[in-house]
Amino acid sequence: VYAFRARGFHPDEPFFDTMEEMADTYVEAMQKIQPHGPYYLTGYSYGGVVAFEVAKRLQAQGEQIHFCGVLNVPPHIKPRMHEIKYCDGLTNLMLFVELLTKDQVLEINETMMGKPNEEVLAVALEMSNKKRLEELQLTAEKLNHWVMLAASLIDVGRKYDPSGVLKTLTLFYAIPLRGTKQEWVQGPLAEWNEFAELPIEYIEVPGHHYTLMSPQYVDQFIRIYKAAMDRTAARAIASYAQ
């Protein structure tokens, strides 16, 4: 299993400017390790759109994509990207890496939204889990840089419009950030249907958007994910054979 890290964590690494640049960079890196398919790809949240773009490029080269899994994100991400400011970008990141609880995130977003970035960062760090902060070896400077990197990806998402069709897509969905699961699946997630040749399988997984791969749920997620990957790959292989 190989994972992609967003470019920009090190001082000599520029941030990505476009989704095209990001996907092309990842395809080039992939093919240094595995020049040809079949490929199995997965992206979580924003990464789901990136996985789609990577798969699309590989497919255009004539490569076989046996599986492209998208975890809890719709194809049209512009609206959500325009909502995210420094404060909720910081707190969302800190929630993901277990520096803040959901209640603390709500408190900070309610009281600090619109305040200077330095002030928001100071308050969030003061409220953060100090043991976890030490485990991650994060300083205020490093955390702020991570938020700025995330902000650059958000800016990329604001300019992104999905296009093209993959042979196969598999959608995993959890409790969404807002609304019900039914509204989530029948609304924004259903928009993926126009980007896949074969019928999309929509698969429910336990937990919320931020917790579907947390220690509480990860074992269940793995079982569901592996079974779905096997089913989808079998359909894709049969389709390529025709």
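Please read all numbers here as calculations on a predicted model, not as lab measurements.

## Digging into the packing of aromatic side chains
Okay, so step 1: The full count for this structure, using the stated rule, is 13 aromatic pairs.
Okay, so step 2: With centroids separated by 4.8 Å and ring planes inclined at 70°, the aromatic side chains of phenylalanine 96 and tyrosine 210 adopt a geometry described as edge-to-face. A residue pair is termed long-range when its members are at least 10 positions apart, and phenylalanine 96 in helix α4 (residues 86-96) and tyrosine 210 in the loop between β4 (201-208) and α10 (218-241) qualify at 114 residues.
Okay, so step 3: The exposure class of tyrosine 210 is partly exposed, given its relative accessible area of 22%.
Okay, so step 4: When the ring of tryptophan 192 is compared with that of phenylalanine 195, the centres are 6.0 Å apart and the planes differ by 75°; the resulting orientation is edge-to-face.

## Details of the packing of helix α1 (residues 19-33) against helix α2 (residues 46-60)
Okay, so step 1: Between α1 and α2, whose axes approach to 9 Å, the crossing angle comes to 65°. Of the two elements, α1 crosses α2, and the hand of that crossing is right-handed. In contact with Met19, Glu20, Met22, Ala23, Asp24, Tyr26, Val27, Met30 and Gln31 of α1, α2 contributes Tyr46, Val49, Val50, Glu53, Val54, Arg57 and Leu58.
Okay, so step 2: The residue makeup of the contact of α1 with α2, split by class, is 11 nonpolar, one polar and four charged.

## A short note on the nonpolar core
Okay, so step 1: Ranked by internal contacts, the top residues of the largest apolar core, which has 41 residues, are Met19, Met22, Tyr46, Val54, Leu169 and Trp192.
Okay, so step 2: Among the elements of the structure, α1, β1 (39-44), α2, β2 (65-71), α8 (140-158), β3 (170-175) and α9 (181-186) are those that each provide at least two residues to this core.
Okay, so step 3: If one sorts the elements of this core by residue count, α2 sits on top with eight residues.
Okay, so step 4: Residues within four places of tyrosine 46 in sequence aside, it is in contact with Met19, Met22, Val73, Ile77, Met81, Leu153, Val156 and Gly157.

## Structural notes on the side chain of glutamate 53
Okay, so step 1: By the element assignment, glutamate 53 lies in helix α2.
Okay, so step 2: A relative accessible area of 3% means that glutamate 53 is categorised as buried.
Okay, so step 3: Within the structure, glutamate 53 has its side chain in polar contact with the side chain of lysine 56 (distance 3.1 Å).
Okay, so step 4: Residues contacting glutamate 53, with those up to four places away along its chain left out, are Met19, Ala23 and Tyr160.

## So, the pattern of salt bridges
Charged atoms that come close allow side chains of opposite charge to pair.
Okay, so step 1: Per the counting criterion, the structure on display carries 13 salt bridges.
Okay, so step 2: A salt bridge links aspartate 155 to lysine 159, with the shortest nitrogen-to-oxygen separation between them at 3.7 Å.
Okay, so step 3: The class of aspartate 155 is partly exposed, set by a relative accessible area of 34%.
Okay, so step 4: In this structure, a network of salt bridges that share partners links the residues Asp24, Glu53, Lys56 and Arg57.

## Observations concerning the sheet that holds β2
Okay, so step 1: If you trace the four strands from one edge of the open sheet to the other, you get β1-β2-β3-β4, paired in parallel fashion. The strands lining the two open edges of the sheet, one partner per strand, are β1 and β4. Between one strand and the next, the sheet's axes are offset by a mean angle of 20°, whatever the strand orientation.
Okay, so step 2: The pairing of β1 with β2 spans six bridges and is parallel. Considered in β2, the bridge of threonine 42 is made with glycine 69.
Okay, so step 3: The sheet contacts of α10 involve β1, β2, β3 and β4, and relative to β2 the element is tilted by about 140°.

## Overview of helix α5 (residues 102-112)
Residues spaced three or four apart along an α-helix point in a common direction, a consequence of the helix completing one turn every 3.6 residues.
Okay, so step 1: Taken residue by residue, α5 has Val105, Ile108, Asn109 and Met112 as its buried positions. Taken down its axis, α5 places every buried residue within 100° of arc, on the same side. Of the residues in α5, the exposed ones pointing more than 90 degrees away from the buried face are Asp103 and Glu110.
Okay, so step 2: For α5, the elements touching its buried residues are α4 and α6 (117-127).
Okay, so step 3: One or two residues past the end of α5 sits glycine 114, with phi positive at roughly 90°.

Reading the values: the criteria
- Sequence order as written defines residue numbering, which begins from 1 separately in each chain.
- Where totals are concerned, whole chains, interfaces and linings use all residues; where local detail is concerned, this predicted model gives features only for residues with pLDDT of at least 70, and gives and counts side-chain atom pairs only at 80 or more.
- Just so you know, side-chain values use all the structure's heavy atoms and leave hydrogens and water out.
- Any pair of Phe, Tyr and Trp rings, taking the six-membered ring for Trp, is counted once the centres come within 6.5 Å. Such a pair is stacked with planes under 30 degrees apart, edge-to-face with planes over 60 apart, and tilted for the rest.
- Each helix corresponds to a stretch of at least 4 residues labelled H or I by DSSP, and each strand to a stretch of at least 2 residues labelled E; elements are numbered beginning at the N terminus.
- Partly exposed describes any residue whose relative accessible area lies between the buried limit of under 20% and the exposed limit of over 50%, with all areas from a 1.4 Å probe on protein chains only and scaled to the type maximum.
- The axes used here are C-alpha line fits, helices contributing only the stretch in contact, and every angle between their N-to-C directions lies in the interval 0 to 180 degrees.
- Two helices cross in a left-handed way if the nearer one is turned anticlockwise from the farther one by less than a right angle. They cross in a right-handed way if the turn is clockwise.
- Contact between two residues is taken to exist if any of their heavy atoms lie within 4.5 Å; hydrogens are not considered.
- Gly is put with the polar residues, along with every residue not named as nonpolar or charged; the nonpolar set is Ala, Val, Leu, Ile, Met, Phe, Trp, Tyr, Cys and Pro, and the charged set is Asp, Glu, Lys and Arg.
- Among the buried residues, those of types Ala, Val, Leu, Ile, Met, Phe, Trp, Tyr and Cys that are joined through side-chain atoms within 4.5 Å form a nonpolar core.
- The definition of a polar contact used here is a pair of N or O atoms within 3.5 Å, where within protein one atom must be able to donate a hydrogen and the other to accept one, and adjacent residues in sequence count solely through side-chain atom pairs.
- Basic side-chain nitrogens of Lys or Arg form a salt bridge, by our definition, when they fall within 4 Å of a carboxyl oxygen of Asp or Glu.
- In this scheme, strands are said to pair when DSSP sees at least two bridges between them.
- The arc under discussion is defined with respect to the helix axis, by the directions toward the C-beta atoms.

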